Amino acid sequence: MGTRSKSRKGLSSSVRVRAPNGFGRVVQEVRLNTQMAQRREEIAKKRYDHLTSLTFEEREVFFNDDATGATPMDVDEDLAFDHLPPGEEGFFASNAGGEEELCRTFFLSNNDRKRKDVRTRRDRRLLQNKEWAEQMLSLVDAFLDWQMSRSTEVHDTAQFDDWEVTTVDFFSRSRRRFNSGPSVDRANVVLIRNGYIGSAPRSPTVAIGLQVLEAYHEMHAACPRFSIQAQVRALCRLHKVHYMKYLASQFRIAYDVYLAIRRCIDVRANAALHRDIPNWRMKNVSMDGNQSLKLVDDHFRRGPSLADTRSGISDIWLNPEEVDIFKNEVGKPQQSQRNTGDAHDIDDDIDWVNIADHTDSADVTLSTDECVKRWRNAGPEARKKMFALFAVTGVFVCLCRHGQLLAICDMIRSGELMKYPLAIVDKLMRVLGVTVQVAYDIACAFMKILERSSLGDRVQQQGLRGIVPAFHGHAHNRLCQVDWHPLYVAGSGKEDFEGCERVFSQSNALALTTRFSSPFHRHQAIDEFFKSWAFVKHAELANFIHNNYRQALKIVAEDSATLRELCTRLKLNDEDFEQYLQEERAYLKNLVAESPEVAFTVEYMEALLRLDGAFAESEHAKREYQNLDARIIREGLRGRAITNIKTRYVTTYTRYVDLHEHVRRIEEVHGIVRRWTKDSEEYKNGLVVLTERKYRNAIDTLERLLLQRLLELTKLSMSGTGYKMREKITKALKTRATAIKKALEEYNRRAAELNPPRPSLSWSDVVDMVSVAEFDLLRDARQDVRLLAWAQPAQRRAMNLYFNIKRAEEEIKRLNVEIRRLLTHMVDEHVDYYRTIRDNMVPNPPLAYELSLRWRYSNAVNTELAYRLQQTSELPGFTGTLRTGHRVGRSPILADGILLPPWVSLQTQPTEGFDASGNELEDDEELGMEGVGNEDEANVLIDYIDRLGLHSE
């Protein structure tokens, strides 16, 4: 029998025919009205293709119309918006890569995925974490015992039942027997004392060697791309075992416990060294966001997600509650009222793209119009649907100038919103409480918002100063640069404030291993990365000081000679350069945005010119139409030629009528009684305004192309740029060169139309413009700015040299302070370790041994630091000193009776303030400490460390 399928118009589009065949029924669908169905499919496909081709802005308009019921949305149309618009494929792109493929894969294949009931596995995971936490203190004690003894095997004194465990080492995998006490909770304690960690809190059957976990920890710190899966695969090949996913899970469980033990030991060590006060790391700066360290939402993952309530992050993190305090500081952006279905798709915060809509300040608007438009970190509301894929879209960090992390927070389902830098600045002011310079990509706009926020009064009181990083300054307008670029900010030294970009180039390697991990494992991986990063940056601190000192001395020595020569030839002094900077600032501030009157004049003049052109074309077509009969007789016109003349006559007249009506409407709106003609004064002035507008448009086009070229060249030289990306950038650069040449020709043509004409530019002129802000000096079409004194090439070169030397001298002063602070910290650390180890040798030998290991590593690093500082002191022109200082609030008697470390002898050479023996001269405020008498006394300290814990039993 047949059944009729339903259709929208009540007609059958197909019937299903069922017939028995002995084993069941065969169902065959017979299509009816196939032409109608094909037409509907073609129409649907065209509409789908049209919707996928819309830009973000056009989609936003579509959503607004849909909210009013103008265009009902069906399922297929909704799926169309799961595609990124053409040209926006790089919106989610980061150094790590792969985001666009994730969006396409998940949105197209997982829309109808339903969650499964995961309560059983959830309970198991929670119970497992709870059991590990209950025995953590015992595991830490066992780990310290193992670390101190490093014996082959240790058993409890009371032996009970034997049990077997598969142990995993680097080059072997074997079954071993262990003896434990009456409680199965002691299984992992016994394993750890023997150098292993089980893969389960109770009755483990597999145990991973602690040395394997230690090695992986260090290898992963050196190469963040080296994942647990890669480590387990390598072990499988060494052990001749087939790789299975559960093996990586076992390794991860043991590794998590290992890291938890290390964190507990850090807590004990910091408490013993009195480093457990809040924000200790911050007390002993550049700011930016990164969108590589994303976290995919659980809804888009394969299979059910497991609950993991563990938290192992340090106090350097800002939690979402601390950040959301500043969620509505300034106001709310104008959002589309359309609800996309998920509550988290709507964010009340303000992104940088809407920042100009929420301020009345002309300065903010000026900065936003030019700078924020060039460095937009957020997009229209239609893009927020793409954030649904990622529960966390990246991290926002703050680092000191030496690269040490000061604060970090997650960016939740968003780009760089204002609440993130506001929360960071709030913590900086609360903890540091002193004058701080903070660099941010769009500091010019952010500082204005900061002053209007609830932090404004504290910002003024504490003297917080914003800076735009040196590289990002290339994309800012010239007015922004003279106020915010490090070259013109007093006290910034020669710091480029691009430390965030350097750390991101390394942390991006984590993205591939954390994107699908749990929130706990993601935070743990990021935390471990920054711990390793902190060790590296501390070990390189003396190199940082040495290189910066040498650079600053070179600038002062070489540029000073050139500046003196220019000053003599141009008859200038330091006061002239400061005055030039003030004059340039005043000039640029007068270059206000285009007024409404100018905009109207341009619109009206363009309409008049189009009307004149349409009238000329219509008259020409009219004459041809009037002569049509004569031409048919004389020239023998036939068919298509006659039709073309008639059509041209109608279309040109229609176009003229339409333009005439458009001009009439403009005149009616603006109250123009008498139309401007070529003989009127208004028309002549309007023509001048229009010419200047075209000139500025030519500058904008040339500027945009050069900015793209600058960024592409920078990206091409970045570490981590893939082969395909390099190929695309190389091709884009070739295309860009052709476009720049055409834009340059257009600029020279428009410059020649001005009165008086502007000098033309050559290819070498525009390529040599390192900063696109130099184009801002060409925007004034009313006067040639290059005729002003401060804009002359020689004067500008001298001014740049002057401020560069000034910043270099500041850098030297800052480095002299940092050298003494570093040496003071090194000596204080030595004293703290000595006293803490001595005090814990009897009551807590395992902790004393752990601290001795850390002291040994610290001593090795400090030896290299002291040697490098000694080399710095030998630089020609060095003005600092290698004397220690006295930390505020620290008692000087703590160092009484404690020998100085061996590396002190590397820097106790006779310098200013020291005698021939290396003893300090008169300075009551300095911390005078006794030096090491000879090499034998220095070795006593090392032997003392080596003997710690050997007889603790």
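- Under an unreviewed UniProt entry, the name given to the chain is Clu domain-containing protein, and the source organism is Somion occarium.

**Looking at the overall build of the chain**
Reasoning step 1: When its secondary structure is counted, the chain shows 31 helices and 14 strands.
Reasoning step 2: When the 953 residues of the chain are sorted by exposure, 47% land in the buried category.
Reasoning step 3: Total accessible area on the chain stands at roughly 49,900 Å², and carbon and sulfur atoms take up 51% of it.

**Considerations on the sheet that holds strand β6 (residues 196-198)**
Reasoning step 1: Taken together, four strands build an open sheet; the order of strands is β5-β4-β7-β6 and the sheet is mixed. A single partner strand is all that each edge strand has here, and the edge strands are β5 (173-179) and β6. Averaged over all neighbouring strand pairs, the angle between strand axes comes to 40 degrees, with direction disregarded.
Reasoning step 2: Alignment of strand β4 (residues 162-168) against β5, held across seven bridges, turns out to be antiparallel. Within the sheet, the bridge partner assigned to Thr166 lies in β5 and is Arg175.

**Details of the packing of aromatic side chains**
Reasoning step 1: Going through the model one piece at a time under the given rule, you end up with 24 aromatic pairs.
Reasoning step 2: Summarising the aromatic geometry, the rings of Tyr216 and Tyr255 are spaced 5.0 Å apart at their centres and angled 80 degrees between planes, so their arrangement reads as edge-to-face. You can see Tyr216 sitting in helix α8 (residues 210-222) and its partner Tyr255 sitting in helix α10 (residues 245-272), a full 39 residues away along the chain. Neither residue differs from the other here; Tyr216 and Tyr255 are each classed as buried.
Reasoning step 3: With centroids separated by 6.3 Å and ring planes inclined at 25 degrees, the aromatic side chains of Phe396 and Tyr420 adopt a geometry described as stacked. Highlighted residues: Phe396 in strand β11 (residues 390-399) and Tyr420 in helix α14 (residues 419-431), separated in sequence by 24 residues.
Reasoning step 4: In this structure an aromatic cluster arises from ring pairing among Phe143, Trp146, Tyr216, Phe226, Phe251, Tyr255 and Tyr258.
Reasoning step 5: Over the aromatic face of Tyr243 sits the side chain of Arg233, whose NZ or CZ is 4.0 Å from the ring centroid.

**Considering the UniProt feature "coiled-coil region" (unreviewed entry) in the chain**
Reasoning step 1: Per the UniProt record, "coiled-coil region" (unreviewed entry) is annotated on residues 798-825.
Reasoning step 2: Secondary structure across residues 798-825 divides into 100% helix and 0% strand, with the first and last C-alpha atoms of the span separated by 40 Å.

**Digging into the nonpolar core**
Reasoning step 1: Ranked by size, the top nonpolar core spans 46 residues in total, and within it Tyr549, Leu563, Phe577, Ile819 and Leu869 carry the most contacts.
Reasoning step 2: Contributing elements (two or more residues each) for this core: α17 (478-484), α21 (541-570), α22 (574-590), α29 (793-840) and α30 (845-873).
Reasoning step 3: By residue number, the principal contributor to this core is α29, which donates 14 residues.
Reasoning step 4: What Phe577 contacts, discounting residues up to four positions off in sequence, is Leu563, Cys567, Leu572, Ala798, Met799, Tyr802 and Phe803.
Reasoning step 5: Counting residues in each nonpolar core, the second largest holds 36 residues, with Ala423, Ile424, Cys444 and Val468 among its members.

**Section: helix α25 (residues 639-670)**
Reasoning step 1: Taking 1.5 Å of rise per residue, the 32 residues of α25 would be expected to cover 46 Å, and the 47 Å separating its terminal C-alpha atoms lies within 8% of that figure.
Reasoning step 2: Along its buried surface, α25 packs onto α23 (596-626) and α24 (628-635).
Reasoning step 3: Gly671 lies just past α25 and shows a positive phi near 70 degrees.

**Focus: the pattern of salt bridges**
Reasoning step 1: The tally for this structure, following the rule as stated, stands at 40 salt bridges.
Reasoning step 2: Of the charged contacts, one joins Arg430 and Asp426 as a salt bridge, the two residues approaching to 3.1 Å between their closest N and O atoms. Taken together, the residues span about one helical turn, with Arg430 and Asp426 both in helix α14 at a distance of four residues.
Reasoning step 3: When its relative accessible area of 10% is taken as the criterion, Asp426 is described as buried.
Reasoning step 4: Arg631 is the partner of Glu635 in a salt bridge, and the nearest nitrogen-oxygen pair spans 3.2 Å. One end of the pair, Glu635, and the other, Arg631, are both in helix α24, four residues apart, so they sit about a helical turn from each other.
Reasoning step 5: Look at Glu635 and you get partly exposed, because its relative accessible area is 43%.

**Topic: the pairing of β4**
Reasoning step 1: The buried count for β4 comes to five of seven residues, which makes it a mostly enclosed element.
Reasoning step 2: Counting the residues in the hairpin turn of β4 and β5 gives four residues.
Reasoning step 3: Taken together, the three bridges between β4 and strand β7 (residues 206-209) define a ladder with parallel strand orientation. For Val168, the partnering residue across the bridge sits in β7 and is Ile208.

**Comments concerning unusual backbone geometry**
Reasoning step 1: Look at His274: it is not a glycine, yet its phi comes out positive at around 60 degrees.
Reasoning step 2: As for its placement among the helices and strands, His274 is situated in the loop between α10 and α11 (280-283).
Reasoning step 3: Residue classification places His274 among the exposed residues on the basis of a relative accessible area of 65%.
Reasoning step 4: Here the phi dihedral of Phe497 falls at roughly 60 degrees; this positive angle occurs in a residue that is not glycine.
Reasoning step 5: Relative to the assigned elements, Phe497 resides in the loop between α17 and α18 (499-507).
Reasoning step 6: The exposure class of Phe497 is buried, given its relative accessible area of 6%.

**Concerning the environment of Val392**
Reasoning step 1: By the element assignment, Val392 lies in strand β11.
Reasoning step 2: Separated by 19 residues in the primary sequence, Val392 and Met411 have C-alpha atoms spaced 5.8 Å apart.

**Topic: α18**
Reasoning step 1: Every buried residue of α18 is accounted for by Gly499, Cys500, Val503, Phe504 and Ser507. Taken down its axis, α18 places every buried residue within 130 degrees of arc, on the same side.

**Focus: the packing of α29 against α30**
Reasoning step 1: Here α29 crosses α30 at 160 degrees, and the two axes come no closer than 10 Å. The orientation of α29 relative to α30 falls into the category roughly antiparallel. Crossing of α29 over α30 shows left-handed handedness.

**Considerations on the packing of α24 against α25**
Reasoning step 1: Contact geometry of α24 with α25 gives a least axis separation of 11 Å together with a crossing angle of 165 degrees. When the axis of α24 is compared with that of α25, the two are roughly antiparallel. The chirality of how α24 crosses α25 is right-handed. In this structure, α24 uses Leu628, Arg631 and Ile632 to contact α25, whose residues at the interface are Ile642, Ile645 and Lys646.
Reasoning step 2: In terms of residue class, the contact of α24 with α25 is built from four nonpolar, no polar and two charged.

**Considering the confidence of the model for the chain**
Reasoning step 1: Mean pLDDT over the chain: 74, with 65% of residues reaching 70 or higher.
Reasoning step 2: Taken element by element, the predicted model of the chain shows its lowest mean pLDDT in strand β1 (residues 2-4) (45) and its highest in β7 (94).
Reasoning step 3: This stretch, residues 20-27, has a pLDDT under 50; its non-local contacts, to residues over four places away or in other chains, come to 10 contacts.
Reasoning step 4: Of the regions scoring below 50 in pLDDT, residues 151-160 engages in 20 contacts with residues more than four places distant in sequence or in other chains.

About the thresholds
Residues numbered from 1 in each chain as written. Predicted model: local features only at pLDDT ≥ 70, side-chain atom pairs only at ≥ 80, totals over all residues. Heavy atoms only, no water. Helix = DSSP H or I, 4+ residues; strand = E, 2+ residues; numbered from the N terminus. Buried < 20%, exposed > 50% of the residue type's maximum accessible area, 1.4 Å probe, protein only. Areas by Shrake-Rupley, 256 points an atom, 1.4 Å probe, with all protein chains shown as cover. Pairing = 2+ DSSP bridges. Axes fitted to C-alpha atoms, helices over the stretch in contact; angles between N-to-C directions. Phe/Tyr/Trp six-rings, centres within 6.5 Å; stacked < 30°, edge-to-face > 60°. Lys NZ or Arg CZ within 6 Å of the ring centre and 35° of its normal. UniProt positions renumbered as here; feature names shortened; annotations may be inferred. Core = buried A, V, L, I, M, F, W, Y, C linked by side-chain atoms within 4.5 Å. Contact = heavy atoms within 4.5 Å. Expected span 1.5 Å × (residues − 1). Salt bridge = Lys/Arg side-chain N within 4 Å of Asp/Glu carboxyl O. Arc of directions from axis to C-beta. Parallel < 35°, antiparallel > 145°, perpendicular 65-115°, else oblique. Left-handed = near helix turned anticlockwise from the far one by under 90°. Nonpolar A, V, L, I, M, F, W, Y, C, P; charged D, E, K, R; others polar. pLDDT = per-residue confidence, 0-100.

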